[in-house]
Amino acid sequence: MVEEKGEGPEDVDTIGIYVGGRNADGERHGEGWAVLPNGDFYTGCYCRGMRNGKGLYVFKNGARYEGEWRRAMKYGVGQMIYPDGSRYEGDWKHDLKQGFGAYSYPNGDIYEGAWFKGKRHGLGTYFYADSKVKFMGTWIEGTIEGSGQIIYPRYRYHGSWVKGMPKGTGCFVFDTDCMQHGFHLLTKDPNLEEYGEGEEEKEEKDAKDDKLEEGEEETEIDETLGKISVWRARNVTAYMAEFLPPEPVPLPVHDSIPSLTNESVETDLLVFEPPSLAPEYEGQDDNDSWLLHRQKFLEETEQKD
């Protein structure tokens, strides 16, 4: 989903239409509303000529953002509704989803967890609406990577993922208190066009040798390219917690972008509805809302720091 962004500072009177407060320097300051030259609309708070504080921004394509701003960027907590009906509610930083948030997709799927620079990054949960299946694990730059588990209606799978595909040792845990142990193996996808015997490996080796001869750095090879993941069962045992693979852990985040000052203007013009604590989908516990998960996420981050 391409991120919708505002138009930046609005400190030129001849650009667009503005009705609202100003400071001694003539800059937009306090409560006001504006129609931008591209047809977008904003109503809310300004500080020294820029959107700052709480505000509602309506894009001409139908998207809308309602929440906090700093220096004309989405920054803080807010909700974004996109033209296709998808919705994000959570933390923002420098016009990008960053922190903790819940994203609801048009097909009913829901992702709830950590974000970094606009991508799923860190611990999260993905709920598949059609199959009622839930995945709990770790994302790196938008792709599932590392330890995780898939929760089906009557059983669970614990294992690890590489570039979104299950790989390596894992186990299925059934309601009957038994476990099936085995491993996922990456093998060539039979639906793809077959090369002659040995030709594929030879072409990859020749291309690699050519790059090294030209002085180029060796690039990382995607081991999942053209492959499918196949489960190989080994044995079945009674359920024992010590047999489970390691649980996913939070990812360290190093953000080089400096934080913005929290300068704002106190206004009473806009009244925003508080985030809902109601469950997002059928079967979700009332105490399982994204807002409660966000609070837990922030507390764990503070403890880690």
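Thresholds applied
Numbering of residues starts from 1 in each chain and follows the order in which that chain's sequence is written. Per-residue local features are limited, in this predicted model, to residues with pLDDT of at least 70; the limit for side-chain atom pairs, both in listing and counting, is 80 or more; totals at the level of whole chains, interfaces and linings are taken over all residues. Values reported for side chains reflect all heavy atoms of the structure, with hydrogen atoms and water molecules removed beforehand. Each helix is a run of H or I in the DSSP string that is no shorter than four residues. Each strand is a run of E no shorter than two, and both are numbered from the N terminus. Each residue gets one of three labels from its accessible area relative to the maximum for its type: buried under 20%, exposed over 50%, partly exposed in between, using a 1.4 Å probe on protein chains only. Any two residues having at least one pair of non-hydrogen atoms within 4.5 Å are treated as being in contact. Using a 1.4 Å probe, accessible areas were evaluated by the Shrake-Rupley method; residue-level cover was limited to the displayed protein chains. A residue's pLDDT is the confidence the predictor assigns to it, expressed on a 0 to 100 scale. Here a patch means residues that are over 30% exposed by relative accessible area and free of salt bridges, tied together within 9 Å if like-charged and within 5 Å if nonpolar (Val, Leu, Ile, Met, Phe, Trp, Tyr). Basic side-chain nitrogens of Lys or Arg form a salt bridge, by our definition, when they fall within 4 Å of a carboxyl oxygen of Asp or Glu. Within 6.5 Å between ring centres, the rings of Phe, Tyr and Trp (the latter by its six-membered ring) count as paired, and their orientation is classed by plane angle as stacked under 30 degrees, edge-to-face over 60, tilted in between. By definition, being over a ring means that NZ of Lys or CZ of Arg is both within 6 Å of the ring centre and within 35 degrees of the ring normal. For this analysis, a polar contact is any N or O atom pair within 3.5 Å, provided that within protein one partner can donate a hydrogen and the other can accept it, and provided that sequence-adjacent residues contribute only side-chain to side-chain pairs. Only four residue types enter the tally: Lys and Arg on the positive side, Asp and Glu on the negative side, with His and both chain ends excluded. When two cysteine sulfur atoms lie within 2.5 Å, the pair is treated as a disulfide.

With an unreviewed UniProt entry as reference, the protein chain is termed Radial spoke head 1 homolog, source organism Bombyx mori.

Along the backbone of the protein chain there are two helices and 17 strands. Counting all 305 residues of the protein chain, 34% fall into the buried class. Pairs at least 24 residues apart make up 37% of the contacts formed inside the protein chain by residues separated by at least 6 positions. Accessible surface, the protein chain as shown: approximately 18000 Å² in total, 51% of it carbon and sulfur.

Further remarks concern the confidence of the model for the protein chain. With 72% of its residues at a pLDDT of 70 or more, the protein chain shows a mean pLDDT of 82. Contacts of residues 195–202 to residues separated by more than four positions or lying in other chains number three contacts, the stretch itself having pLDDT below 50. Here residues 268–277 scores under 50 on pLDDT; set against residues more than four positions off or in separate chains, the count is 21 contacts.

Let us now look at a nonpolar patch on the surface. Taken together, the side chains of Ile-17, Val-19 and Trp-33 present a nonpolar region at the surface, about 260 Å² in accessible area. Classification of Trp-33 as partly exposed rests on a relative accessible area of 34%.

As a further point, take the pattern of salt bridges. One pass over the structure, following the stated rule, counts two salt bridges. The salt bridge partner of Lys-167 is Glu-223, with a shortest N-O separation of 2.4 Å. Here Lys-167 is found in the loop between β14 (165–166) and β15 (168–174), whereas its partner Glu-223 is found in the loop between α1 (199–213) and β17 (227–238), with 56 residues between them in sequence. A residue is classified by how much of its surface remains accessible, and Lys-167, at 28% relative accessible area, is partly exposed.

Moving on, we get to the packing of aromatic side chains. To describe a pair of aromatic rings, one takes the distance between the centres and the angle between the planes. Taken as a whole and judged by the stated rule, the model has 29 aromatic pairs. One Lys or Arg, Arg-51, reaches over the ring of Trp-69 and ends 4.8 Å from the middle of that ring. Sitting over the ring of Tyr-111, Arg-120 keeps its end group 5.5 Å from the ring centre.

Once that is clear, we can look at the side chain of His-181. Checked against the element boundaries, His-181 lands in strand β16 (residues 178–188). Of the polar contacts made by the side chain of His-181, one reaches the side chain of Thr-237; its length is 2.8 Å. Residues within four places of His-181 in sequence aside, it is in contact with Gly-170, Cys-171, Trp-231, Arg-232, Ala-233, Arg-234, Asn-235, Thr-237 and Phe-243.

Further remarks concern the side chain of Asp-189. Here Asp-189 shows up in the loop between β16 and α1. Lys-188 provides the closest opposite charge to the buried, salt-bridge-free Asp-189, at an N-O distance of 11 Å. A distance of 3.0 Å separates a polar atom in the side chain of Asp-189 from the backbone nitrogen of Asn-191.

A separate point is unusual backbone geometry. If you check the backbone angles, Arg-71 has positive phi at about 50 degrees while not being a glycine. Mapped onto the elements, Arg-71 comes out in the loop between β5 (64–70) and β6 (73–81). In the Ramachandran plot, Lys-163 falls in the positive-phi region, its phi being about 50 degrees despite a non-glycine side chain. Tracing the backbone through its elements, the reader meets Lys-163 in the loop between β13 (155–162) and β14. Of the residues examined, Lys-163 reaches a relative accessible area of 37% and is grouped as partly exposed.

Okay, the state of the cysteines next. Across all of its chains, the model carries zero disulfides by this definition. For the unlinked cysteine Cys-47, the closest cysteine sulfur is that of Cys-45, found at 9.7 Å.

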